[in-house]
Amino acid sequence: MTKTTTPAAQAMLPLNQILAGDCIEVMNSLPEASVDLIFADPPYNLQLRGDLHRPDNSRVDAVDDDWDQFGSFAEYDRFTRDWLTAARRVLKPTGAIWVIGSYHNIFRLGAELQNQGFWMLNDVVWRKANPMPNFRGKRLTNAHETLIWASKTEGAKYTFNYEALKALNEGVQMRSDWVLPICTGHERLKDEQGDKAHPTQKPESLLHRVLVGTTNPGDVVLDPFFGTGTTGAVAKKLGRHYIGIEREEAYRKAAQKRLDRIRIFDREALEVTGSKRAEPRVPFGTLVERGMLSPGEELYSLGSRFKAKVRADGTLIGRDIKGSIHQVGAQLEGAPSCNGWTYWHFKREGKLVPIDLLRQQIRAEMN
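Just so we're clear, the structure is a prediction, and the values are computed from it rather than from any experiment. (Residues numbered from 1 in each chain as written. Predicted model: local features only at pLDDT ≥ 70, side-chain atom pairs only at ≥ 80, totals over all residues. Heavy atoms only, no water.)

Enquirer: Explain the sheet that holds strand S10 (residues 307–310) to me, please; I cannot follow it from the model alone.
Expert: Across a sheet, strands are paired by hydrogen bonds formed along the backbone, either parallel or antiparallel in direction. The six strands are arranged S12-S11-S10-S9-S13-S14 in an open sheet whose pairing can be described as antiparallel. Either end of the sheet is taken by a strand with one partner, and the two such strands are strand S12 (321–323) and strand S14 (351–354). For this sheet, the mean inter-axis angle between neighbouring strands, taken without regard to orientation, is 35°. Pairing of strand S11 (residues 316–318) with S12, which is carried by three bridges, proceeds in the antiparallel orientation. Each residue of the ladder has a partner; that of Ile317, found in S12, is Lys322. Here helix H11 (residues 325–333) sits on the sheet in contact with S10, S11, S12 and strand S13 (344–348), set at roughly 150° to S12. (Pairing = 2+ DSSP bridges. Helix = DSSP H or I, 4+ residues; strand = E, 2+ residues; numbered from the N terminus. Axes fitted to C-alpha atoms, helices over the stretch in contact; angles between N-to-C directions. Contact = heavy atoms within 4.5 Å.)

Enquirer: I would appreciate a short explanation of the environment of Tyr44 in the present structure.
Expert: Within the fold, Tyr44 resides in the loop between strand S2 (35–40) and helix H3 (73–90). A relative accessible area of 9% means that Tyr44 is categorised as buried. Sequence spacing of Tyr44 and His104 is 60 residues, and the spatial spacing of their C-alpha atoms is 6.3 Å. At 3.3 Å, the side chain of Tyr44 and the side chain of Asp41 are in polar contact. Within polar-contact distance, the side chain of Tyr44 engages the side chain of Lys202 at 3.4 Å. (Buried < 20%, exposed > 50% of the residue type's maximum accessible area, 1.4 Å probe, protein only. Polar contact = N/O pair within 3.5 Å; in protein donor to acceptor, adjacent residues only side chain to side chain.)

Enquirer: Looking at this model, I keep getting lost on the sheet that holds strand S6 (residues 177–180). Mind explaining?
Expert: Reading across the sheet, the eight strands line up as S1-S8-S7-S2-S3-S5-S4-S6 and stay open at both edges, with mixed pairing between neighbours. The open sheet has two edge strands with one neighbour each: strand S1 (17–20) and S6. In this sheet, neighbouring strand axes are inclined to one another by 20° on average, regardless of whether the strands run parallel or antiparallel. Here strand S4 (residues 119–128) pairs with strand S5 (residues 144–151) via eight bridges, running antiparallel.

Enquirer: How should I be thinking about the pairing of S4 in this particular structure?
Expert: Within a regular strand, the side chains alternate between the two sheet faces. Pairing of S4 with S6 involves four bridges; the strand directions are parallel. Each bridged residue has a counterpart across the sheet, and for Arg127 the counterpart in S6 is Val179.

On their own, these measurements won't tell you what the molecule is for.
Next comes the structure, spelled out in structure tokens:
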């Protein structure tokens, strides 16, 4: 788990603000190694050729803004290199980055991430539940975008709330393909003329999953392409700090208006299911030292198929097999591995009780 930014470091950061200007220049002005997570939705460099129309000849409101226009792939690659360099500088050693893109740019982003030393953790396919159809009928319907999640370096520690994402997915391990709707209806921000405030506004559900899974309350989340502030809105709701960078004044105004309306969830509601790996380590021998289990006491596998005897040094012996709770369980079962904490049980009042219950009692005291 990453540690939240210290109060001293936070005092140097423009927390919960939208900063105007070029994202590269602004990021280079921030303290080095100061943010916990970066979520970046950079220009896609869409290679559009002319207007796009629906079958009824109405014009599609596509992305044709100046900020998405680049003269060549080489120019786009230079831009990508420069903003990722600036982003990597402000990222903590335990931090991580998410970038999102389409087939137009995601492969170029991925290559540059690896060039700079980021370590790929996952690519996630966001499959849109309600994609825009391909009106010309000359290609497949473009029904997904790709996100890349990467740590700052190979082997670096990073936040991953595995159990929280599992809980979001009805107790099943979260997969790398996410089916979520695009931003429509009441969530879609409109300008004074009733048009889209931003052509590529992302749904809050996407950022909710990213921030619940890879940040903790109090973390600092930087979005260098803030747009209308989806990252900031979700971060504020979830008790994270945000820093937004946006050069377009119209987007900044829309984002600030949106953020001013956000209500922060209460502290109890922000708690998520913790990862078992993040809990304090308790050696099995501690249970013996503290008299919770006694040398010579017998442990039983579920169903009492096998049993083993506790030894004074916290190892077991069963059928002349000696070793840790994991090693003995694995050998008795003829399996490559075994989680001894859930495999072994002790008897109390004639009932089998998992030894993990004793470990949890010790952890509760430690916390």
